[in-house]
Structures are given as C-alpha cells and as structure tokens.
Amino acid sequence: MEPLLDATARAAVGDAMRAVADAEIRPRFRALAEGDIRLKGPGDYVTEADIEAERALTPLLRAILDVPVVGEEASSLDPSVTEVLSTGEAAWTVDPVDGTANFVAGSDTYAVMVGLVEGGEPVGGWIYQPEQGRMFEGLRGVGASLDGESLAAAVERSRGDDARAALEGHPRGAVSVKYAVDSVRDGLLGAEAELGGYVDLRMCAGFDYADLVTQEVGYLLYTRAKPWDHVPGAAIAAEAGFTVGRIDGSGYRPAIESGAPLLAARTDRWESVREVLARHLGV
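Keep in mind the model is a prediction, meaning the values are calculated, not measured.

**Notes on the sheet that holds strand β13 (residues 242-246)**
- Strand order in this open sheet of 5 strands is β11-β10-β12-β14-β13, and the pairing throughout is mixed. The open sheet has two free edges, formed respectively by β11 (198-200) and β13, since each of these has just one partner strand. Along the sheet, successive strands turn relative to each other by an average axial angle of 25°, direction set aside.
- In this structure, β13 lies alongside strand β14 (residues 262-266), joined through 5 bridges in antiparallel fashion. Bridged to F242 within β14 is R266.
- Lying over the sheet, helix α10 (residues 267-281) contacts β11, β12 (219-222), β13 and β14, oriented at roughly 140° with respect to β14.

Here is the structure:
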C-alpha cells in the first residue's frame, strides 16, 4: 500500500506544526494570564494556546490531506468527533499542546502532536518539541526520523556506545499509576520489582515516546489511551522497531480508549514485559 503522504506533504505537516507553535504557543509560554487557563476536569487544563493552536492547525492539515481532523479540544466540546476513528476512514489527530499541565507550570516538557489514522490504525505521527526544536516523524512504509535524519542513525550518532549498551541493558520502564483504578494500581506496583523498577512518565506523551525511541527508557505503560496522545507515538515507534499494544494482546486501535493497559516496548522485548504485567494484573 502506498503511503498516504509523499515527501512534500510530510514536510508540510512539520512546517505547519512549527509555524503554529511559533505563532500561537511559544509566545504564551510562561506568559499566560489568569484568564488564559481553564479546567476541563480535575487536573485537566486547557489554555488559550491549546485552543488557538488547534484552531490554526486544523485547516492547515486539511489543506495537506482533506480528511477529518480529530482534535483534543474539538473532541472535548463534541465527543462525536472521534467516531470517525472507528469507521476505517483516514483521519488526522491533533494534540495542540501535549502536556498542558507542564506548559501551565512553565516546564518546557510540552509538545505539539499530529497523527494520521487509516483503516482504524495509526499510520503516521509527528511529535514536535518547540522549546528543544526537535521533530520526530514516522509514516508507515517510509520509516522514522528525527529532524530529517534516520532515527536509528540519529540515536547512534548522539549516544554511540551508550545506545548499544541500552539495547542490551533493558533500561527501566516509565509508568504512572495516577489514573489507575485500585486493582490495576496494585497489580502494577506488584510487578515493579520483577521488571527492575519504574521511572515516572513525564506526563507528556510527546516526551515519553521520544524517550522510548531514543532508548532513554525501556518501555512505556499507560492506563488510559486518548487517541491524540498515542497515535503519533505509536506510528513513530512502529517504524523504529517497537510494538504498541494492549497487555491482553488485543493490539492498539485508536478508536478504543478503555481496556487493558497500553504497553509500548522494543518489539523483541514487548512480549516478555507483557507477560509479567498480564500475570500481575490477572489479564
């Protein structure tokens, strides 16, 4: 199957994300007024940067590929927006400011994320870290890249022997039990020693998945799976030799937000980590 986007279109996605970040997000970073911040739910922030960035990015993406856009903020106002993800049609996903709580707190650990879904599966992903200037990209059948360079080559060049050692050393996974129900939290904590301990997720999927594909962490484990949080990272990870799926073995489908926890790990290690987690969680 031919990729949905050619090289020119893929570059246009990245250009659009950078332009919107420069126009709508970065000028508001560490400069939010009190009225620029609201709560959608407990601990769930939305800012003027989120709203204006999604509003600006949506038509730019449709100009590149005219398919529906499933944006986080549009979906919070009208949940039916996400229904297209279960139809098999192609669609964009947009998280205009991933890690909004970090952004509000003045942390530079936030990202702009765009995903592409086809046939109910993640096939494309772009993660832009505005304050670091890093762009991760992956498209099914094309490969994964970091700032235009092959991701594998970029990791090898930046880490050298450390990257090779990480492949053998099975670094600890990043896990959060913040949103887990009691039974899941207990199971995850019970599995921790067997898996060599956990580090905390960054509370920004755009940095978590970057940590995974650059081998800073050994795996990621999530207890909730909003499509705009995971489509981009899942697509990039798949092109970089990683597997993303539910620990009950059911795989990852963006239209399904609930279910067994979501595990992302190097493909040659995914099953061994899944087995430990599934046993402790009784899955």
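**Structural notes on the layout of surface pockets**
- Empty space within the largest pocket amounts to approximately 840 Å³.
- Taken together, 35 residues make up the lining of the largest pocket; nearest its centre are D44, E72, Y179, R224 and D229.
- Elements supplying a minimum of two residues to the lining of the largest pocket: β2 (44-47), α3 (72-77), β4 (91-98), α4 (100-104), α8 (205-213), β12 and α9 (227-239).
- Estimates place the volume of the second largest pocket at around 210 Å³.
- Forming the walls of the second largest pocket are 14 residues, and the residues nearest its centre are P122, R140, A238, V244 and Y252.
- Where the lining of the second largest pocket is concerned, the elements lending two or more residues are β6 (121-129), α9 and β13.
- Here the element with the most residues in the lining of the second largest pocket is α9; it accounts for 4 residues.

**Considerations on the packing of aromatic side chains**
- Enumeration according to the criterion identifies 5 aromatic pairs in this entry.
- Consider the rings of F103 and Y110, whose centres lie 4.9 Å apart with planes at 80°: the pair is edge-to-face. The exposure classification of F103 matches that of Y110, with both residues buried.
- Pairwise contacts between aromatic rings join F29, F103 and Y110 into one cluster.

**Here we look at the pairing of strand β1 (residues 37-41)**
- The pairing of β1 with β2 spans 4 bridges and is antiparallel. For R38, the partnering residue across the bridge sits in β2 and is V46.
- Hairpin remark: β1 followed by β2, antiparallel, with 2 residues in the connecting loop; positive phi at G43, about 70°.

**Examining the packing of α8 against α9**
- Axis separation between α8 and α9 bottoms out at 9 Å; the angle between their running directions is 15°. Considering the angle they form, α8 stands roughly parallel to α9. Every pair of crossing elements has a handedness; the one defined by α8 and α9 is right-handed. Residue-level inspection shows A205, Y209 and V213 of α8 in contact with α9, the latter providing D229, H230, G233, A234, I236 and A237.
- The class makeup of the residues in the contact of α8 with α9 is 6 nonpolar, 2 polar and 1 charged.

**Topic: the pattern of salt bridges**
- By the definition in use, this model includes 18 salt bridges.
- With a shortest N-O distance of 2.9 Å, K226 and E257 are connected by a salt bridge. Placement of the pair is K226 in the loop between β12 and α9 and E257 in the loop between β13 and β14, with a sequence separation of 31 residues.
- One salt-bridge network, in which partners are shared between bridges, spans K40, E72 and E73.

**Structural notes on the packing of helix α1 (residues 7-25) against helix α2 (residues 48-64)**
- Where α1 contacts α2, the axes come no closer than 9 Å and their chain directions differ by 155°. As summarised for this structure, α1 and α2 are arranged roughly antiparallel, according to the angle between their axes. In terms of crossing hand, the pair formed by α1 and α2 is right-handed. Together, A9, A12, V13, A16, M17, V20, E24 and I25 of α1 and A49, E52, A53, A56, L57, L60, L61 and I64 of α2 make up the contact between the two elements.

**Here we look at the sheet that holds strand β9 (residues 149-150)**
- Strand order in the open sheet formed by 7 strands is β3-β4-β5-β6-β7-β8-β9, with mixed pairing between adjacent strands. In the strand order of this sheet, the two ends are held by β3 (69-71) and β9, each with one partner.
- Its contacts with the sheet place α8 against β4, β5 (111-118), β6 and β7 (134-139), and it is angled at close to 100° to β6.
- This element, α9, spans β3, β4, β5, β6, β7 and β8 (143-146) of the sheet and lies at about 100° to β6.

Calculation rules
Residues numbered from 1 in each chain as written. Predicted model: local features only at pLDDT ≥ 70, side-chain atom pairs only at ≥ 80, totals over all residues. Heavy atoms only, no water. Pairing = 2+ DSSP bridges. Helix = DSSP H or I, 4+ residues; strand = E, 2+ residues; numbered from the N terminus. Axes fitted to C-alpha atoms, helices over the stretch in contact; angles between N-to-C directions. Contact = heavy atoms within 4.5 Å. 1 Å grid on protein atoms, 1.4 Å probe; cavity = no way out; pocket = protein on both sides within 12 Å on 5 of 7 lines; lining within 4 Å. Points joined across faces, edges and corners; volume = space filled by probe spheres on them. Phe/Tyr/Trp six-rings, centres within 6.5 Å; stacked < 30°, edge-to-face > 60°. Buried < 20%, exposed > 50% of the residue type's maximum accessible area, 1.4 Å probe, protein only. Parallel < 35°, antiparallel > 145°, perpendicular 65-115°, else oblique. Left-handed = near helix turned anticlockwise from the far one by under 90°. Nonpolar A, V, L, I, M, F, W, Y, C, P; charged D, E, K, R; others polar. Salt bridge = Lys/Arg side-chain N within 4 Å of Asp/Glu carboxyl O.

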